[in-house]
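Understanding the architecture of this molecule
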Amino acid sequence: MPATRALIAGSCTVLLAACVTVGPGAPMPAATPATAQTSTTWSIQTREDVDLWLHGYAMLTDDTTQVPLFRRGYRAQMIAFKHRANVSTQLDANYQTLHDRLAQHPGYVSGQFLPLYFGSWDAMRQAVQLFLGANGNPRAVTDPQQQAIVATFASVFPQPADRDWLRTFTAAVEDENTQYYQSYWNARQRDLAPVLARTDSLWEHTYLAKFQRLLDNQQMDRGIVYLSLPLDGEGRTIPGNPNTERGNSRVTVAFPDSLGGALDPIYVFAHEVMGTISSLAVTENTTPAEKQQGLSDRYTSPAAVRGGELLLKRVAPDLVPGYARYYLASANASSTGGDPEQALARTFPLPQPMLDAIDRQLGVVLGGI
C-alpha cells in the first residue's frame, strides 16, 4: 500500500475541513467524544468503538508498509481466536468482497479516522445511517451539523458502490462486536489494566510536561491519547479544531501488551505529533518532478519516524534509544550489536536537507530559535 501515511495525513485534513462546523463540544446528535467538553489537558483513555472500527480494517488490509498500519500478526491472531471460539461473522462471510474493494480503492483508508469524530458506537452508527439515508448528498438534509456529517463521509465514500461497501462493512463489524469482539475487548482491558496504569503514570507525572510546549504552539494544548489494541507504530491523529476554542485533539496509538512496553504509546505519540512538521519538510524539499515520480510520498513515513526522533532529542533525550528500537522493531529491522540511532538512520534514510528542515522547523515551534 504505497504512500499510505501521506494519504492518511491528507485525508485527515479533508475530514477536518468537512467537519469545520462540527468540532468538539458542538451540541449535535452523533457528535464528538463525550469527554471533549470537560477535558482541560491531555489524558490517556481507551475506546472500544475506535478499536472495533480499526479491527475491521485490520482484518481486511494487506499491510505492506514499512511501519505497519496495524500490529504485525494481528489478523492471524484474531482468526485463530475466532476458530478456537467457533465464531463466524458477517465479516468472514463478506471478507472477499470487502477486502477486494478496499484493495482497489486506497482512499477508503481515510475512513479509519471516522470514529474519532464521534463519542460512541451508537453515535457512529447513527452517523452512518444518516449518510446512507441521504445517499451521500449533504443537501438531502437541512440541519447544518448533519450536512457536515454527510459531507465528511462523502469525502471518503462518494459513489453508490462506495456507500454499499460502507453499509456492508458497518454491519459486519457490528456483527463481530455482538458475537465476540466486545467480550474479547473487555477481557483484554482487564488483562492490560496494569499496563494502562503504568503508561498513564509515566505520561502524567513525567512526559506530558516535556511535550507541552510543542503541543501548545501547535494548538494542541489539550486532547486525548487512545491506546488501541490493533495498532502498531503508525497512529491515527486528528488535531483539535481551532474554531471551537482549540477543542480536543485525538491521537490513537498502540496499546502495549506488557509492562515492558509501557513507554511504547509515548514513542508513537512523539511520531504522531511531528506529522505536520515532517510532512511540510518533505513537501518543501522535493521538486515538482520528484513529487510526480512519487518520491515525496515515499519520504513521508521515514520523515515522521525521524521527526519523532528529533523531537525526543530536544524534549526527552532519555527516550531516544527506546524510540529507535521500537521503530526498528516496527519495521522488522534489527539494531543487534550496534547503535540503535544509527540503525534507525539506515532503516529510515532521509536526504540531509530534509532532515535539517524538520529540525529547523521544530526549533521554531519549540521557540528554540
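Everything discussed here concerns the structure shown above.
The rules we used
Residues numbered from 1 in each chain as written. Predicted model: local features only at pLDDT ≥ 70, side-chain atom pairs only at ≥ 80, totals over all residues. Heavy atoms only, no water. Helix = DSSP H or I, 4+ residues; strand = E, 2+ residues; numbered from the N terminus. Buried < 20%, exposed > 50% of the residue type's maximum accessible area, 1.4 Å probe, protein only. Contact = heavy atoms within 4.5 Å. Areas by Shrake-Rupley, 256 points an atom, 1.4 Å probe, with all protein chains shown as cover. Expected span 1.5 Å × (residues − 1). Axes fitted to C-alpha atoms, helices over the stretch in contact; angles between N-to-C directions. Parallel < 35°, antiparallel > 145°, perpendicular 65-115°, else oblique. Nonpolar A, V, L, I, M, F, W, Y, C, P; charged D, E, K, R; others polar. Pairing = 2+ DSSP bridges. Phe/Tyr/Trp six-rings, centres within 6.5 Å; stacked < 30°, edge-to-face > 60°. Core = buried A, V, L, I, M, F, W, Y, C linked by side-chain atoms within 4.5 Å. Lys, Arg positive; Asp, Glu negative; His and termini not counted. Salt bridge = Lys/Arg side-chain N within 4 Å of Asp/Glu carboxyl O. Polar contact = N/O pair within 3.5 Å; in protein donor to acceptor, adjacent residues only side chain to side chain.

1. Describing the overall build of the chain
- When helices and strands are tallied, the chain shows 16 helices and 4 strands.
- A buried classification covers 54% of the 369 residues belonging to the chain.
- By sequence separation, contacts in the chain at least 24 residues apart represent 78% of the contacts at least 6 residues apart.
- Of the accessible surface of the chain, which amounts to about 15,300 Å², a share of 50% is contributed by carbon and sulfur atoms.

2. Details of helix H6 (residues 121–133)
- With 13 residues, H6 should reach 18 Å at 1.5 Å per residue; the first-to-last C-alpha distance of 18 Å fits that figure.
- Of the positions making up H6, those classed as buried are Trp121, Ala123, Met124, Ala127, Val128, Leu130, Phe131 and Leu132.
- Structurally, H6 contributes buried residues whose contacts are with helix H2 (48–60), helix H7 (144–154) and helix H8 (160–191).
- Phi turns positive one or two residues past the end of H6, at Asn135, with a value near 55 degrees.

3. With respect to the packing of helix H10 (residues 264–273) against helix H13 (residues 295–315)
- It is at 7 Å that the axes of H10 and H13 come closest, and there the two elements cross at 110 degrees. By the angle between their directions, the pair H10 and H13 is classed as roughly perpendicular. Facing Ala270, His271 and Val273 of H10, the residues of H13 in contact are Ala304, Val305, Gly308, Leu311 and Leu312.
- Residues of the contact of H10 with H13, tallied by class, amount to 6 nonpolar, 2 polar and no charged.

4. A short note on the sheet that holds strand E2 (residues 223–228)
- Ordered in space as E1-E2-E4-E3, the 4 strands form an open sheet in which the pairing is mixed. Looking at which strands have only one partner, the edges of the open sheet turn out to be strand E1 (42–45) and strand E3 (236–238). Averaged over all pairs of adjacent strands, the angle between their axes in this sheet comes to 15 degrees, without regard to strand direction.
- Here E3 pairs with strand E4 (residues 249–254) via 3 bridges, running antiparallel. Paired with Ile238 across the two strands is Arg250, which belongs to E4.
- Against the sheet, helix H9 (residues 193–217) touches E1 and E2, its axis set at about 150 degrees to E1.

5. Considerations on the packing of aromatic side chains
- Summed over all chains, the structure comprises 23 aromatic pairs.
- Aromatic side chains Trp53 and Tyr57 sit 6.4 Å apart centroid to centroid with 55 degrees between the ring planes, which places their arrangement in the tilted category. Of this pair, Trp53 and Tyr57 both sit in helix H2, 4 residues apart, which is roughly one turn of the helix.
- According to the relative accessible area criterion, Trp53 is buried, its value standing at 0%.
- Overall, the relative accessible area of 0% leaves Tyr57 in the buried class.
- Look at Tyr108 and Phe157: their rings are 5.2 Å apart centre to centre, the planes differ by 55 degrees, and that puts the pair in the tilted class. Separated by 49 residues along the polypeptide, Tyr108 in the loop between helix H5 (95–104) and H6 and Phe157 in the loop between H7 and H8 bring together distant segments of the chain.

6. Some remarks on the pairing of E1
- Only one face of E1 is buried, namely the one carrying Trp42 and Ile44, since none of Ser43 and Gln45 on the opposite face is buried.
- Relative to E2, E1 is paired through 4 bridges, and the arrangement is parallel. Pairing of Ile44 across the sheet is with Val225, part of E2.

7. Re the nonpolar core
- Phe153, Trp203 and Phe211 are the most contacted members of the largest nonpolar core, which has 109 residues in total.
- Examining the composition of this core, we find that 9 residues originate from one element, H8, more than from any other.
- Excluding residues within four positions of it along the chain, Phe153 makes contact with Leu114, Phe118, Met124, Ala127, Val128, Phe131 and Leu166.

8. Examining the side chain of Asp51
- One can find Asp51 in helix H2.
- Among buried Asp, Glu, Lys and Arg side chains, Asp51 stands out as unpaired, with Arg47 the closest opposite charge at 8.4 Å.
- A distance of 2.7 Å separates a polar atom in the side chain of Asp51 from a polar atom in the side chain of Ser228.
- Beyond its immediate chain neighbours, meaning those up to four positions away, Asp51 contacts Tyr181, Trp185, Leu227, Ser228, Leu229 and Pro230.

Scope: geometric values only; no functional claims are made or implied.
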